[in-house]
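Structural overview
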Amino acid sequence: MSDVDFTYIQPDGEEKQVEAMEGMTLMEAALFNGIDGIQGLCGGICSCATCHVALDKELYDKLDAPSEGEAEMIAMLDDHGPTSRLGCQVSISEALRGARIRVLGTEA
Ligand code: FES
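Residue numbers restart at each chain and count upward from 1, following the sequence in its written direction. Only residues with pLDDT of at least 70 get local features here, since the model is predicted, and only at 80 or more are side-chain atom pairs given and counted; chain-wide, interface and lining totals rely on the full set of residues. Calculated side-chain values reflect all of the structure's heavy atoms, with hydrogen atoms and water omitted.

1. Here we look at the pattern of salt bridges
The salt bridge definition used is simple: a Lys or Arg side-chain nitrogen within 4 Å of an Asp or Glu carboxyl oxygen. Counting across every chain of the model gives five salt bridges. Taking the shortest distance from any N to any O, the salt bridge between E15 and R100 comes out at 2.9 Å. Placement of E15 in strand 2 (residues 15-21) and of R100 in strand 5 (residues 100-103) is noted, with a sequence separation of 85 residues between them. Residues participating in the shared-partner salt-bridge network are D5, E94 and R97. Segments assigned H or I by DSSP are reported as helices when at least four residues long, segments assigned E as strands when at least two residues long, and all are numbered from the N terminus.

If you want it as structure tokens, here you go:
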């Protein structure tokens, strides 16, 4: 497992580059690195949506599609968009190297 570097764009626009281990999730890496706007209140079981992020279209298309449960949670969010994901459902992999992850900062 190697580290992958990518950047979170926090809700206030401030960018933070991080290195995270493959296999962690975007939610876990955000909490570990003190990223604003990611709360991960449900612990990653896809039931709180406090880990809402938007991906670049290119990255979104590269990853596996969201599960039905994730898609349903996202659809309930007012600010969801075509590349919305729940950070707890996205595993860090080489695909994320150099990516820019926009944190939407959904409140619980
Ligand atoms: S941490 Fe709760 S849905 Fe992602």
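2. With respect to the sheet that holds strand 5
Any two strands with at least two DSSP bridges between them are considered paired. With respect to topology, five strands assemble into an open sheet ordered 2-1-5-3-4, the strand pairing being mixed. If you trace the sheet from one side to the other, it starts and ends with strand 2 and strand 4 (84-86), each paired once. Each strand axis lies, on average, 40 degrees off the axis of its neighbour in the sheet, ignoring direction. Bridge count for strand 1 (residues 3-9) against strand 2 is seven bridges, and the pairing is antiparallel. Residue pairing across strands places D5 opposite E19, the latter belonging to strand 2. Orientation is described by lines fitted to C-alpha atoms, with helices fitted over the stretch in contact, and by angles between N-to-C directions that extend from 0 to 180 degrees.

3. What about helix 3 (residues 68-75)?
Owing to its 3.6 residues per turn, the α-helix brings residues three or four apart onto one side. All of the buried residues in helix 3 are E70, M73 and I74. The buried residues of helix 3 occupy an angular sector of 100 degrees when projected down its axis, which confines them to one face. Here, residues are in contact when the closest pair of their heavy atoms is within 4.5 Å. On its buried side, helix 3 packs onto strand 4. Between buried and exposed lies partly exposed: a residue is buried under 20% and exposed over 50% of the maximum accessible area for its type, with that area taken using a 1.4 Å probe on protein chains only. Our arc is simply the arc of the directions from the helix axis toward the C-beta atoms.

4. Focus: the nonpolar core
Within this scheme, the nonpolar core is defined by two criteria: the residues are buried Ala, Val, Leu, Ile, Met, Phe, Trp, Tyr or Cys, and they are joined through side-chain atoms within 4.5 Å. Ranked by internal contacts, the top residues of the largest apolar core, which has 30 residues, are F6, Y8, L26, L86, I92, L96 and I101. In terms of residue count, the dominant contributor to this core is helix 1 (residues 26-32) (four residues). Residues within four places of F6 in sequence aside, it is in contact with K16, Q17, V18, A20, L26, A29, I92, L96, G98, A99 and I101.

5. Section: the side chain of T7
Within the secondary structure layout, T7 lies in strand 1. Residue T7 is classed as buried on the basis of its relative accessible area, which comes to 14%.

6. Re the packing of aromatic side chains
Aromatic rings from Phe, Tyr and Trp, taking only the six-membered ring of Trp, are treated as a pair when their centres fall within 6.5 Å; an angle between ring planes under 30 degrees marks them as stacked, one over 60 as edge-to-face, and anything in between as tilted. Within the structure shown, the criterion is met by one aromatic pair. On the basis of an interplanar angle of 65 degrees and a centroid distance of 5.2 Å, the ring pair of F6 and Y8 is categorised as edge-to-face. By relative accessible area, which is 1% here, F6 ends up buried. A relative accessible area of 0% places Y8 in the buried class.

These values are about where atoms sit, not about what they do.
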